[in-house]
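Examining the three-dimensional arrangement
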Amino acid sequence: MAPSRVATLALAVLLAAAVAAPPAAVRAAVSCATVYNTLMPCLPYVQQGGMVPQPCCGGIRSLLSQANNTPDRRTICGCLKNVANGASGGTYIDRAAALPSKCGVSLPYKISPNVNCNSIN
């Protein structure tokens, strides 16, 4: 075969493989470090109660806007679940679980040590 025909055939095979190959799995772009840093302004409310700081609500809204695929939503859920598991006492968990509604947003799950993050899509 002539060199140009070999190159054309190779290119055609590569294009066919690229079209037939399944898409790469979507991976979470959000990390727990990002979740924790974004929600750090919420800590005083969770620990002491009182008024929810506006930067806390802004952080919750920011995370919701970043959670644009299932892996991100599950990662954020898992991070929040880890925090809930480490919380000492029901009062902290109750305050944390109330944050979304106090900020006027809704989560597709409850902040709880018992939430099944794998059920979130």
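Read on for a plain summary of the structure. Along each chain, residue indices are assigned from 1 in the same order as the chain's sequence is written. For a predicted model such as this one, the threshold for reporting local features is a pLDDT of at least 70, and the threshold for listing and counting side-chain atom pairs is 80 or more; totals across whole chains, interfaces and linings nevertheless cover every residue. No hydrogens and no water enter the side-chain calculation; it runs on all heavy atoms of the structure.

On a plain count of helices and strands, the protein comes out with six helices and zero strands. Secondary structure elements follow DSSP: runs of H or I of four or more residues count as helices, runs of E of two or more count as strands, with numbering from the N terminus. Scanning the protein from its N terminus toward the C terminus, one meets helices and strands in the order α-α-α-α-α-α. Every residue pair with non-hydrogen atoms within 4.5 Å of one another is taken to be in contact. For the protein, the share of sequence-separated contacts (at least 6 apart) that also reach a separation of at least 24 residues comes to 74%. Note that accessible areas follow from Shrake-Rupley with a 1.4 Å probe, and for residues the cover is restricted to the protein chains shown. Carbon together with sulfur atoms contributes 60% to the accessible area of the protein, which is approximately 7600 Å² in total.

Disulfide assignment relies on a single distance test, namely cysteine sulfur atoms paired within 2.5 Å. Here the structure, examined in full by the defined rule, presents four disulfides. One disulfide bridge connects C57 with C103, the sulfur atoms lying 2.0 Å from each other. Taking the sign of the torsion about the S-S bond as the criterion, the disulfide between C57 and C103, at about -75 degrees, is left-handed. With C57 in helix α4 (residues 54–66) and C103 in the segment after α6 (90–102), the pair connects residues that are 46 residues apart, well separated along the chain.

We now examine the layout of surface pockets. Here a cavity denotes grid points, spaced 1 Å and computed from the protein atoms alone, that fit a 1.4 Å probe unable to get out, and a pocket denotes an open set having protein on both sides within 12 Å along at least 5 of 7 lines; residues with an atom within 4 Å of a point are the lining. Grid points are joined across faces, edges and corners, and a volume is the space filled by probe spheres set on the points. Size it by volume and the largest pocket reaches roughly 540 Å³. As for the largest pocket, its lining consists of 26 residues, and the residues nearest its centre are L39, C42, L80, V83 and A96. Mapped onto the lining of the largest pocket, the elements with two or more residues apiece are α2 (32–39), α3 (43–48), α4, α5 (70–86) and α6. The residue classification treats Ala, Val, Leu, Ile, Met, Phe, Trp, Tyr, Cys and Pro as nonpolar and Asp, Glu, Lys and Arg as charged. All others, Gly included, are polar. Of the residues contributing to the lining of the largest pocket, the split by class is 25 nonpolar, no polar and one charged.

Here the focus is the side chain of S112. Position of S112 relative to the elements: it lies in the segment after α6. Classification of S112 by relative accessible area gives buried; the value is 14%. Within the structure, S112 has its side chain in polar contact with the backbone nitrogen of N114 (distance 2.9 Å). Once residues lying within four places of it in the same chain are set aside, the contact partners of S112 are K81 and A84. Buried, partly exposed and exposed residues are distinguished by accessible area as a fraction of the type maximum, computed with a 1.4 Å probe on protein chains only: under 20%, between the cut-offs, and over 50%, respectively. The definition of a polar contact used here is a pair of N or O atoms within 3.5 Å, where within protein one atom must be able to donate a hydrogen and the other to accept one, and adjacent residues in sequence count solely through side-chain atom pairs.

Running from amino to carboxyl end, α2 crosses α4 at an angle of 150 degrees, the nearest separation of the two axes being 8 Å. By the angle between their axes, α2 is roughly antiparallel relative to α4. When you trace α2 past α4, the crossing you get is right-handed. Each of T34, V35, T38 and L39 in α2 lies in contact with α4, whose residues at this interface are G59, I60, S62, L63 and Q66. Classifying every residue of the contact of α2 with α4 gives four nonpolar, five polar and no charged. The axes used here are C-alpha line fits, helices contributing only the stretch in contact, and every angle between their N-to-C directions lies in the interval 0 to 180 degrees. Angle categories are assigned with fixed cut-offs, so that under 35 degrees is roughly parallel, over 145 is roughly antiparallel, 65 to 115 is roughly perpendicular, and the rest are oblique. A crossing counts as left-handed when the near helix is turned anticlockwise from the far one by less than a right angle, and as right-handed when that turn is clockwise.

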